[in-house]
Amino acid sequence: IKLSEMAPAAPTSEMANLSVSTAPKGTAKRDALCAAEVEVQAMWEREKAFESNPCYDDDGNKKEKFIVTFPYPYSNGHLHLGHAYSLTKAVFRAQFERNRGKNSLFPFAFHCTGMPIQAAANKLKSEIEEYGAPPKFPEEDPEVRAKMEAELAAAAKAKAEKDAAKAGGKVKGGKTKLIQKTGTGIVRQWNILKRMVPEEDIPKFADPVHWLMHFPPVGVDHMKRFGSGVDWRRAFITTSVNGYYDAFIRWQFNVLKEKGRVLFGKRNNVFSLVDGQVCADHDRSEGEGVGPQEYVLIKLKVLAPDHGQERHGKMEKLLKRVEDEGKKGVFLVPATLRPETMYGQTNCFVLPTGEYGAYYIDATDEVFIMSARSARGLSCQAYDAANDVYFTKEFGKIQCLETFTGDELLGLPLKAPNATYEKVYTLPLLTISMGKGTGVVTSVPSDAPDDYVALKALKDKPDFAEKYGITPDMVEPFEVVPIISIEGYGDASAVFMCDKLKITSFNDKAKLAQAKDETYLKGFTMGVMTYGPHAGKKVSEAKPIIKDEMIAAGEAHLYFEPESKVVSRTNDECVVASTDQWYLAYGEESWCSAVKKHVLEGDTFNAFQSLEKYDQSLNWLKEWACTRQFGLGTNLPWDKEWVIESLSDSTIYMSYYTIAHYLQGENNINGDESMSPENIKVADLTDDVFNFIYRKGFPLPSNSAIPAETLEKMRAEFRYWYPMDLRVSGKDLIPNHLTMALYNHAAIWEDEPELWPRGYYTNGFVMVDAEKMSKSKGNFLTLLETINMYSADATRFACADAGDTLDDANFERATANAAIVSLSNESAWIKENLIDADKSAMRSGDDLNFMDKVLQNETNRLVKATEDSFEAMMYKEGLNKGWFEMMIARNEYRSWCQDSGIAMHEGVVRHWVESLAIIICPICPHWSETLWKDLGKDGLAVRAPWPTVDEEDKLITKQAKFLRDALKNFRNSAGKAKKEWKEATILVADDYPQWKVDALLWMQTQYDASTGSFAPTFMKDLKGWSATNVTDKKQIKLVMQFVSFMKREVEDVGEAGMDTKCPFDQSGILKESIEYIKSQLNLAEVTVVNIAETDLAVPDKVAQGVSPGKPTLWMR
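Since we're looking at a predicted model, the values are computed, not measured.

A. Summary view of the overall build of the chain. From N to C terminus, the chain includes 37 helices and 37 strands. Summarising its shape, the C-alpha atoms of the chain cover approximately 115 × 90 × 70 Å along the three principal directions. Counting the 1116 residues in the chain, one finds 54% classified as buried. Restricting to contacts in the chain with at least 6 residues of sequence separation, those with at least 24 account for 76%. Of the roughly 47500 Å² of accessible surface on the chain, 50% is carried by carbon and sulfur atoms.

B. The arrangement of the environment of aspartate 57 in detail. Its location among the elements puts aspartate 57 in the loop between α2 (28-47) and β1 (65-69). From its side chain, aspartate 57 meets the backbone nitrogen of aspartate 59 in a polar contact 2.9 Å long.

C. Representation of the confidence of the model for the chain within the structure. Averaged over all residues, the pLDDT of the chain equals 91, while 95% of them reach at least 70. For the stretch residues 1-24, pLDDT sits under 50, and the model shows 59 contacts to residues farther than four places along the chain or on other chains. In the predicted structure, residues 165-184 sits below a pLDDT of 50 and forms 41 contacts with residues beyond four places in sequence or in another chain.

D. Layout of the packing of aromatic side chains. Taken as a whole, this structure holds 69 aromatic pairs when the rule is applied. Measuring from ring centre to ring centre gives 6.5 Å for phenylalanine 331 and phenylalanine 368, while their planes differ by 85 degrees; the resulting arrangement is edge-to-face. With phenylalanine 331 in strand β8 (residues 330-332) and phenylalanine 368 in strand β12 (residues 366-370), this residue pair connects regions lying 37 residues apart in the sequence. Classification of phenylalanine 331 as buried rests on a relative accessible area of 8%. The class for phenylalanine 368 is buried, based on a relative accessible area of 0%. A centroid spacing of 5.7 Å and a plane angle of 45 degrees characterise the contact between tyrosine 722 and tryptophan 749, whose relative ring orientation is tilted. Remark: tryptophan 749 occurs in the loop between α23 (734-748) and β29 (760-763) and tyrosine 722 occurs in the loop between α22 (708-721) and β28 (726-730); sequence separation between them is 27 residues. Using a relative accessible area of 2% as the deciding quantity, one classes tyrosine 722 as buried. The exposure class assigned to tryptophan 749 is buried, which follows from its relative accessible area of 1%.

E. View of the sheet that holds strand β2 (residues 103-105). Strand order across the open sheet formed by four strands is β2-β1-β28-β29, with parallel pairing between neighbours. Of all strands in the sheet, those with a lone pairing partner are β2 and β29, marking the two edges. Looking at each pair of strands side by side, their axes are set apart by 20 degrees on average, direction ignored.

F. Representation of the pattern of salt bridges in the model. As enumerated under the stated definition, the model contains 71 salt bridges in all. Ionic pairing is found between lysine 320 and aspartate 324, a salt bridge with its closest N-O pair at 2.9 Å. Pair noted here: lysine 320 and aspartate 324 are both in helix α10 (residues 313-324), with a separation of four residues, about one helical turn. You can call aspartate 324 exposed: its relative accessible area is 54%. Of the charged contacts, one joins aspartate 852 and arginine 843 as a salt bridge, the two residues approaching to 2.8 Å between their closest N and O atoms. Accessibility expressed as a relative area gives 0% for aspartate 852, which makes it buried.

G. Here's a closer look at the sheet that holds strand β26 (residues 634-635). With respect to topology, three strands assemble into an open sheet ordered β25-β27-β26, the strand pairing being antiparallel. At either margin of the open sheet sits one strand with a lone partner, and together these are β25 (627-628) and β26.

H. Structural view of unusual backbone geometry. Residue proline 134 follows alanine 133 across a cis peptide bond; omega there is 0 degrees. Within the secondary structure, proline 134 sits in the loop between α4 (115-131) and α5 (142-167). Notably, lysine 502 is not glycine yet its phi reads approximately 55 degrees, a positive angle. Unusually for a residue other than glycine, asparagine 1082 sits at a positive phi of about 55 degrees. Structurally, asparagine 1082 is set in the loop between α36 (1074-1081) and β36 (1087-1090). Take asparagine 1082: its relative accessible area is 70%, and that puts it in the exposed class.

I. Quick look at helix α17 (residues 539-552). An ideal rise of 1.5 Å per residue puts 20 Å on 14 residues; α17 measures up with 20 Å between its terminal C-alpha atoms. All of the buried residues along α17 are Val539, Ala542, Ile546, Lys547 and Met550. Considered in projection along α17, the buried side chains sweep an arc of 135 degrees and stay on one side of the axis. In this fold, the buried residues of α17 make contact with β6 (292-298), β19 (484-485), α16 (509-526), β20 (528-529) and β21 (556-562).

J. Quick look at the pairing of β12. The element β12 is largely enclosed, with a buried count of five among its five residues. With three bridges connecting them, β8 and β12 associate as parallel partners. Each residue of the ladder has a partner; that of valine 330, found in β12, is valine 367. With five bridges connecting them, strand β11 (residues 355-361) and β12 associate as antiparallel partners. Within β12, the residue paired with glycine 357 across the bridge is methionine 370. Hairpin connection, β11 to β12: the antiparallel pair is bridged by four residues, and aspartate 365 has positive phi, about 60 degrees.

K. Region of the structure containing the side chain of asparagine 1090. Inspection of the secondary structure assignment puts asparagine 1090 in strand β36. We classify asparagine 1090 as buried; its relative accessible area is 9%. Reaching out from asparagine 1090, the side chain makes a polar contact with the side chain of aspartate 990 at a distance of 2.8 Å. Here the side chain of asparagine 1090 touches alanine 1092 through a polar contact of 2.9 Å, landing on its backbone nitrogen.

L. Molecular detail of the environment of lysine 958. Within the secondary structure layout, lysine 958 lies in helix α31 (residues 954-976). Overall, the relative accessible area of 30% leaves lysine 958 in the partly exposed class. Distance in space between the C-alpha atoms of lysine 958 and glycine 289 is 52 Å, their sequence separation being 669 residues.

M. Local environment of the nonpolar core. In this structure, Phe106, Trp927 and Ile986 are the most contacted members of the largest nonpolar core, which totals 137 residues. For tryptophan 927, the residues in contact, after removing those within four places along its chain, are Leu33, Asp793, Leu823, Glu826, Ser827, Ile830, Trp883, Leu916 and Ile920. With 71 residues, the next largest nonpolar core counts Val302, Leu332, Val350 and Ile369 among its residues.

What counts as what
Residues numbered from 1 in each chain as written. Predicted model: local features only at pLDDT ≥ 70, side-chain atom pairs only at ≥ 80, totals over all residues. Heavy atoms only, no water. Helix = DSSP H or I, 4+ residues; strand = E, 2+ residues; numbered from the N terminus. Buried < 20%, exposed > 50% of the residue type's maximum accessible area, 1.4 Å probe, protein only. Contact = heavy atoms within 4.5 Å. Areas by Shrake-Rupley, 256 points an atom, 1.4 Å probe, with all protein chains shown as cover. Polar contact = N/O pair within 3.5 Å; in protein donor to acceptor, adjacent residues only side chain to side chain. pLDDT = per-residue confidence, 0-100. Phe/Tyr/Trp six-rings, centres within 6.5 Å; stacked < 30°, edge-to-face > 60°. Pairing = 2+ DSSP bridges. Axes fitted to C-alpha atoms, helices over the stretch in contact; angles between N-to-C directions. Salt bridge = Lys/Arg side-chain N within 4 Å of Asp/Glu carboxyl O. Expected span 1.5 Å × (residues − 1). Arc of directions from axis to C-beta. Core = buried A, V, L, I, M, F, W, Y, C linked by side-chain atoms within 4.5 Å.

As structure tokens, then:
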């Protein structure tokens, strides 16, 4: 597919410039599909097929509408298959509702706010400055490249081994996320762009604004080529580049501030020191969804070394220096989540091979021993936020007075706050991670299984202790101190769990993890303090009190770090920083309660399969830093030093879609004022204007330059489309964007909950051929690449087949290839047998045979089943019903007619074809549109009504199943017959023998039609009934077997499975289908007889197998 030259401020003239290139050998069917798609897309463009405007009937009542939206993709590259998979859920639903007769709207836009584009542009600029344009990168030299790749591989392997050792598992591989994505790990922004744009244009991308001019129009082209069904008049980009959207976001934040939802103050947030600002989810290359974790730093004062060990020389010098300078002491500062357990301290642990520093803390005039990583984070945090006092004088900088290895800290005597022991020692622990906490761990063996096992190992293995210079007096005197009682676990839960799970070594990592999780959970929820001033209190009550007391006494401080590793898009490992910032008060009680009521109670919101996740998210999401100090976006209207961050300018933009076509209009995604359809100027979009359009009770602005009629139309259009009926997204946006959107709708339209979102559908991620998409695996597919390989409809077909749940879906390339063949073959068959066929060669009229009725009924059933599946957002199931089962029904009909020597019925086939064309339209609209046109139908398939069909005739369905099942059983019997057997008779029974009738009648009395099930005691009750009612004791076993079999039958087919007579003429169906049966079984002659009326000497064994609805083929 060739794309025309990009215009700087508008989408390209896509459809006019799309053409199908010459195809390689063997791609004729695909290329025919692609050619037809381009023609159809041009027709849609001419007919404005997807432009949706408010519609009202003659009485002024609005036509039922449906608006579905999708999170606008970030515009720093091409759309890929991951976008396409999630996108199809919205595309399919919009088209489905359009076919159902609703006024359906699917708008789309492109997100450009935040750091990713800015970071990429900065990186490209640096590359050009250092290496030229085009650049000469050092890795172009094979030797240099080999060395660089070897270093990257070694670092990745070391990390993998370290992670595996920490997890107690095997090394899964030595590839970093970067290597997995690129195949080498050597990433240059120039080379990334080279895959997407002409090399001579790359230098332009050093300007971040150029990304906004280039990629959104390309995205429009690719979306159109996908047949996305978007009303492109409403498209836009974000940031101040688009003045219209910029004004909208400024208004939104003014309203939030007016309502007290935007506040200012010091808050702890994930922060990049390199970027100099808070690093939100969309600013991260690793760690999305990770928030700050609060720890308590416990201050264990270092006492004068008392064992004369040479390794303590540096510490002795440091202690003297601190004393000489009048500082308040040196402290090891472990970070704990359980300050209430400090009464049980027996020692402190460090990693013998770890690297530590002695860092001066200005706020307390003390020296803390901790890892460099944690010291870096502490230097960004407030010691006393109320008085604007930080731990260090200069934000982000901390003075290191000395460095130590962990070994140099071993054996040091310490004064531990709240501990029962006057003095404890620093001991070795080999499982400490220097990437979490401070690298120092305080030991409470009564309630921490790891601590108990490690201390016990030092006691039980003198050689191990001696290896690290640990003398007996450093470990032997220190016994477990019971501090918390847990019912069922005693007053030393760690000891209890280690004994219970037979944990003997700190290498029992899985068991230790289990023990830790259980003791920590039970300790908090069920534990009662047994030691200290708060004895008798529940742990959950005592914990915050003890924490506050220790902080007030100067024995502890709060410390924060990310819950897990976070890396910014500038490749900086982030810390948690306490900074002045504007933040949204998510989690505030009244605000949160209103959202919870809307989402969790009643029928105001459909979360599909994810309700529990929204409950969790609403409980988790708290104050959110909503501004940054640089990056692309909208300036905070009352404090222009700040830029509104990318998750915060993306919460109510769905409402902007409703008026965007008045402001910007077609081919104006960048918001060029000269192209405004209503000649509206950005400066005229005042808060009064937006308040009138969007909020109830605000008057028409008296002095607006925008005509009153235009303002009234915009207000009416917003009220027509809102609330948003459905938003479709990947599941990863539940904890941030999707929940934030609920909050913001609840704030802006606080007094109109009827305007809040009505439903969110989320799906899992997509894999390709059961593997995660990766460039190194060769299965990373952009949207356009996939369309070119398979066509748009075959791609959409495979996306529908990939899955619908929160689990990861699987896009199978084999399915896309099969779809090409299937779509092409069906088009050819319909054309040959209906459109171009000699009508006289087909039957017509009202006289329908058995199989005509079956196909007609199957079509009716599957139309309704497909509708039900699509309504439930189950597109894989809908595809199964609306395509695969429709094919099976037609194939059976075709075979029956051919084998019976009977022409197909034109009306029945046409009913099937026309129904198929529309029910598959949401998934394969180009194919449907082409077929619709070939059928000579009026209008567009995408605007055609959903097929109106009769209710499924359950009796005909049962008759069809009877023939299908009977033929399957006949094949089995024929396959087992001896070669010399040529005579074949189908034996039919209308009635069961009396003992079976009695059993079925009893079953009917035991069946609960309301639940569709039998009682749990059914089989037990059967024994009692049989003992009483079956006179021939030898027959009881047969009754039990029969009823057991029929129970399974009823569970499969329902209440009808207990019928004592067959509700239809079995013989009539079989006789009408006899030619079909003979052909299918390859038998020259087959007769049908009723077993109760025949004079044939049917063997008892054969006769016993014949029952109503289950004929038998008797060969001899």
